[in-house]
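The primary structure of each chain is shown beneath.
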Amino acid sequence: MQTLVKNIKQLVNVREENILLRKEQLAELPSIYNAWLFIDNGIIAEYGSMEHIPDAISKITHIIDATYKMILPTWCDSHTHLVFAAPREAEFVDKIKGLSYAEIAAKGGGILNSAAKLNAMSEDELYRLAKQRLNEVIRLGTGAIEIKSGYGLSVEGELKMLRVIKKLKEQSSIPIKSTFLGAHTYPSAFKENHQGYIDLIIDEMLPIIAKEKLADYIDVFCEYGFFSAEETKTICEAGMRYGLKPKIHANQLNLSGGVETGVALGALSVDHLETMDENTINTLATSNTIGTLLPTAAFFLRMAFQPARKLIDAGCAIALATDFNPGSSPSGNMNLMVAMSCIQMKMLPEEAINAATINGAFAMELQNEVGSITKGKKANLIITKPIPSIAYLPYSFGSNLIDEVLINGVSYSCL
Ligand code: NIG
Ligand code: FE
């Protein structure tokens, strides 16, 4: 099918080449005003200014009129835990009432309780719920996503989660990357035997995951009380022997050594980064590892936000993602997350949009498919409602400003 989108008020993030953006580059959002865009067979084929629309293009009969509207590449959400068995809103209310972590865990909160529910659920039901959530975030403008395991914490549970993600990959129209997070926490049976669980991950889970091609990346929750920097290194190296690149949870609650370990391993990304000092910022800035910030997790846990300005000014390559999960970020809404990045972390709207599109694509190694308006990339596009400017998107937080989402050039509501 061929589609011409015409009279686009602003065609946003138009790039000829893929560059992971840092520093001042992150604040540049190349655009064409009063633009047209030609979609051929689901792919961005050509674009330009309405003043110079070629005759052949103007004759295309399937037309979307985008008068007063803007077009952006869809969001690239490079860190989610979208596969889970049940939400945890009772835990949320208990936290408001001031219950302690132990009291909450005893009442059915926390990662271990998510794991118990997931292990008890059938693969089909888990898939059905995950597919619903995926459809919801696509309608909110997400056009590529990474999804982690980590609520199984048993051989069967982790494999079940990864098989659900594999099925989502096969059945969904957007690109999906899969990450093995067996090292999310220690299951109760291994509370006093950490090495035993690490052995289970390395000797039992990883060989099957590799054989069945169930994951693209390996993740570890590198944090005091969870996995140490040394354990993180051991687990990531085991994954790397099977071709899984590390993408790790680092420096959420403490200076855990996660950033240094990730950088030394050549990790694709280190994610969270609420707790950073000058040394860790410099280590990240002088590396090729992307720093993925998850502001909605900091918001939901009432923690200090990630030091985005310091990271950007130091030269770190920053991506933004939702961390969609039932415990610390029960929202996969990239629009809200972008607004929060501007409001709370003082990122410019241009910086936040770049970090949530092209840099997010890099954080999933999908930069040749999505993340910008570039010839040859997928026509995964957000068509906004009529809006006055790009800054209006984060400014008017909470409003639904998306008119339509196109995936492979087709309206998502039609799929
Ligand atoms: O990314 N930090 C660790 N894991 C999740 C939250 C886990 C949960 O509470 O379910 C996160 O924030
Ligand atoms: Fe996470």
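Residues numbered from 1 in each chain as written. Chains lettered and ligands numbered in written order. Predicted model: local features only at pLDDT ≥ 70, side-chain atom pairs only at ≥ 80, totals over all residues. Heavy atoms only, no water.

When you go through the protein residue by residue, the secondary structure sums to 16 helices and 16 strands. Dimensions of the protein, computed from the C-alpha atoms along their principal axes, are close to 70 × 45 × 45 Å. With 415 residues in all, the protein has 59% of them scored as buried. Taking the intrachain contacts of the protein between residues at least 6 apart in sequence as the baseline, contacts between residues at least 24 apart amount to 72%. Surface accessibility of the protein: about 16500 Å² in total, with carbon and sulfur atoms responsible for 52%. (Helix = DSSP H or I, 4+ residues; strand = E, 2+ residues; numbered from the N terminus. Buried < 20%, exposed > 50% of the residue type's maximum accessible area, 1.4 Å probe, protein only. Contact = heavy atoms within 4.5 Å. Areas by Shrake-Rupley, 256 points an atom, 1.4 Å probe, with all protein chains shown as cover.)

Time to look at the state of the cysteines. Applying the stated rule across the entire model yields zero disulfides. The closest cysteine sulfur to the non-disulfide-bonded Cys 222 is located on Cys 236, 8.5 Å from its own sulfur. For Cys 342, which is in no disulfide, the shortest distance to another cysteine sulfur is to Cys 76 and amounts to 17 Å. (Disulfide = S-S within 2.5 Å.)

As a further point, take the site of ligand 1. Neighbouring residues of ligand 1: 13 residues in total, closest Arg 88, Tyr 151, His 184, Asp 323 and Ser 328. Separating an oxygen atom of ligand 1 from a side-chain N or O atom of Arg 88 is a distance of 2.8 Å. His 272 has a polar side-chain atom sitting 3.2 Å from an oxygen atom of ligand 1. Starting from 330 Å² of accessible surface for ligand 1 in isolation, the protein chains cover 93%. Partitioning the shell around ligand 1 into residue classes produces three nonpolar, eight polar and two charged. (Near = heavy atom within 4 Å. Polar contact = N/O pair within 3.5 Å; in protein donor to acceptor, adjacent residues only side chain to side chain. Nonpolar A, V, L, I, M, F, W, Y, C, P; charged D, E, K, R; others polar.)

What follows concerns the domain arrangement of the protein. How big an interface is tends to be stated in terms of the accessible area lost upon association of its parts. Looking at the protein, the domain boundaries give domain 1 (2–73 + 372–414) and domain 2 (76–362). For domain 1 and domain 2, the distance between their C-alpha centres works out to 30 Å. Each side of the interface is counted separately: domain 1 has 30 residues, and domain 2 has 39 residues. Carbon and sulfur atoms make up 69% of the area that domain 1 and domain 2 hide from each other, which totals about 2600 Å². Ranking the residues of domain 1 by area buried against domain 2 places Arg 22, Leu 26 and Tyr 412 at the top, with a combined share of 26%. Here domain 1 is connected to domain 2 by zero salt bridges. (Domains from an automatic or database assignment. Buried area = accessible area lost by both parts, 1.4 Å probe. Salt bridge = Lys/Arg side-chain N within 4 Å of Asp/Glu carboxyl O.)

The grouping of Phe 92, Val 93 and Ile 96 at the surface amounts to a nonpolar patch, some 260 Å² of accessible area in total. By the secondary structure assignment, Ile 96 is in helix α2 (residues 89–96). (Patch = residues over 30% accessible without salt bridge, like charges linked within 9 Å, V, L, I, M, F, W, Y side chains within 5 Å.)

Let us look at the environment of Phe 84. Assignment of secondary structure puts Phe 84 in the loop between β6 (75–77) and α2. Phe 84 gets classed as buried once you look at its relative accessible area, which sits at 5%. When the C-alpha positions of Phe 84 and Ala 115 are compared, they lie 8.4 Å apart, and in sequence the two are 31 residues distant. If near-sequence neighbours (up to four positions away) are discounted, Phe 84 is found in contact with Leu 118, Leu 126, Leu 129, Arg 133, Tyr 151, Phe 324, Asn 325 and Pro 326.

Before going further, it helps to examine the coordination of the iron ion (ligand 2). Looking at the iron ion (ligand 2), the protein donor atoms are His 79 (NE2), His 81 (NE2), His 249 (NE2) and Asp 323 (OD), and they sit 2.1 to 2.2 Å from it. Binding-site remark: the iron ion (ligand 2) is held by donors from one chain whose sequence spacing is H-x1-H-x167-H-x73-D. Linking His 81 in the loop between β6 and α2 with His 249 in strand β10 (residues 245–250), this pair joins segments that are 168 residues apart in sequence. (Donors = N, O, S within 2.8 Å, 3.2 Å for Na, K, Ca; no water.)

We now examine the sheet that holds β6. Taking strand neighbours across the sheet as the criterion, the eight strands line up as β6-β7-β8-β9-β10-β11-β12-β13 in an open arrangement whose pairing is parallel. Unpaired on one side and paired on the other, β6 and β13 (318–320) mark the two borders of the sheet. With strand direction ignored, the average angle separating the axes of adjacent strands in the sheet is 25°. Pairing geometry for β6 and strand β7 (residues 142–148), over three bridges, is parallel. Looking at β7, one finds that Trp 75 is bridged to Thr 142. Sheet contacts for helix α13 (residues 334–345): β6, β7, β12 (290–293) and β13; angle to β6, the most-contacted strand, approximately 85°. (Pairing = 2+ DSSP bridges. Axes fitted to C-alpha atoms, helices over the stretch in contact; angles between N-to-C directions.)

Before going further, it helps to examine the nonpolar core. Counting 101 residues, the largest nonpolar core has Leu 168 and Met 347 as its most contacted members. Here this core takes eight residues from helix α7 (residues 194–211), the largest share from any one element. Looking at which domains feed residues into this core, each of domain 1 (2–73 + 372–414) and domain 2 (76–362) gives three or more. (Core = buried A, V, L, I, M, F, W, Y, C linked by side-chain atoms within 4.5 Å.)

On to helix α9 (residues 258–265). Among the eight residues in α9, six count as buried, and that is most of the element. All of the buried residues in α9 are Gly 258, Val 259, Thr 261, Gly 262, Val 263 and Leu 265. Residues of α9 that are buried make contact with β9 (217–222), α8 (229–241), β10, β11 (269–272) and α10 (278–285).

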